[in-house]
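# Architecture and fold: a report
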Amino acid sequence: MRLTKSTDIALRIVMRLAAAETDRLVSSAGETDRLVSANPTTREVAEAMGVQYTHAAKVVAQLQHLGVVVARRGRGGGLALAETKRLVSVGWLVRALEGNGDVVDCDGEVPCPLSSACRLRHALRQAQEAFYASLDPLRVEDLVADPTGPVLLSLRLR
């Protein structure tokens, strides 16, 4: 199974924001969990992740709609993960981003002549569910554990 470009970008953005959040929480250990640095903007994250700004903006809007990312405008604004979203399942997130469509489009513009007796469609659906199920135990915070988190943070925000 291949993820869409939007899902790939979304996962990278979420990972970058989770790494920044983890860094801020570690930096403020022993104190109240206050923000130590400003949240990055969509443009800054897009540049750091090597993604076109227009694509990143669309993905951020989708992540906001899902309640995963909070975007604030103006001074002191920027992007942040919504509260507790570091604990969200990667499987849930990928399902939400990819949608519930089948791997193949049997009922498309020109329907497949085998659709009434095809065994492949069911097998592909099972494979797709197995793919998602393998991602279910992973949480976003798991994706940014060492060594990934420090590498994400080393990507320069301009």
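Higher on the page you've got the structure.
Criteria and thresholds
- Residues numbered from 1 in each chain as written.
- Predicted model: local features only at pLDDT ≥ 70, side-chain atom pairs only at ≥ 80, totals over all residues.
- Heavy atoms only, no water.
- Helix = DSSP H or I, 4+ residues; strand = E, 2+ residues; numbered from the N terminus.
- Contact = heavy atoms within 4.5 Å.
- Areas by Shrake-Rupley, 256 points an atom, 1.4 Å probe, with all protein chains shown as cover.
- 1 Å grid on protein atoms, 1.4 Å probe; cavity = no way out; pocket = protein on both sides within 12 Å on 5 of 7 lines; lining within 4 Å.
- Points joined across faces, edges and corners; volume = space filled by probe spheres on them.
- Nonpolar A, V, L, I, M, F, W, Y, C, P; charged D, E, K, R; others polar.
- Axes fitted to C-alpha atoms, helices over the stretch in contact; angles between N-to-C directions.
- Parallel < 35°, antiparallel > 145°, perpendicular 65-115°, else oblique.
- Left-handed = near helix turned anticlockwise from the far one by under 90°.
- Polar contact = N/O pair within 3.5 Å; in protein donor to acceptor, adjacent residues only side chain to side chain.

Turning our attention to the overall build of the protein chain. Across its full length, the protein chain carries seven helices and two strands. Ordered by position from N to C terminus, the α and β elements of the protein chain give α-α-α-β-β-α-α-α-α. Put simply, 74% of the contacts in the protein chain that link residues at least 6 apart link residues at least 24 apart. About 9700 Å² of surface is accessible on the protein chain, with carbon and sulfur atoms providing 53% of the total.

For Ala145, the location among the structural elements is in the loop between α6 (140–143) and α7 (148–154). In this structure, the C-alpha to C-alpha distance between Ala145 and Ala18, residues 127 residues apart in sequence, is 9.9 Å.

A word on the layout of surface pockets. Empty space within the second largest pocket amounts to approximately 220 Å³. For the lining of the second largest pocket, the secondary-structure elements that each account for two or more residues are α2 (42–49), α3 (53–65), β1 (69–72) and β2 (78–81). Among the elements that make up the lining of the second largest pocket, the one with the highest residue count is α3 (five residues). The residue inventory of the lining of the second largest pocket, partitioned by class, reads six nonpolar, four polar and three charged.

A few words on the side chain of Gln128. Residue position: Gln128 is located in helix α5 (residues 120–135). With residues up to four places along the chain from it excluded, the contact list for Gln128 reads Met1, Gly101, Asp102 and Val103.

Following Asp146, the chain continues into Pro147 via a peptide bond in cis, with omega recorded as 5°. Here Thr84, not a glycine, exhibits a phi torsion of approximately 70°, which is positive. Positionally, Thr84 belongs in the loop between β2 and α4 (90–98).

Viewed as axis vectors pointing N to C, α2 and α3 meet at an angle of 120°, and their least axial separation amounts to 9 Å. Put simply, α2 runs oblique to α3. As for the relative orientation of α2 and α3, their crossing is right-handed in sense. Where α2 approaches α3, its residues Thr42, Arg43 and Ala46 are matched on the opposing element by Tyr53, Ala56, Ala57 and Val60. Across the contact of α2 with α3, the residue classes break down as five nonpolar, one polar and one charged.

We now examine the side chain of Thr7. With respect to the helices, strands and loops of the structure, Thr7 is situated in helix α1 (residues 5–27). A polar contact of 3.0 Å, which involves the side chain of Thr7, links it to the side chain of Thr4. Separated by 2.6 Å, the side chains of Thr7 and Glu98 make a polar contact. Here Thr7 is in contact with Val94, Leu97 and Glu98, once residues within four sequence places are set aside.

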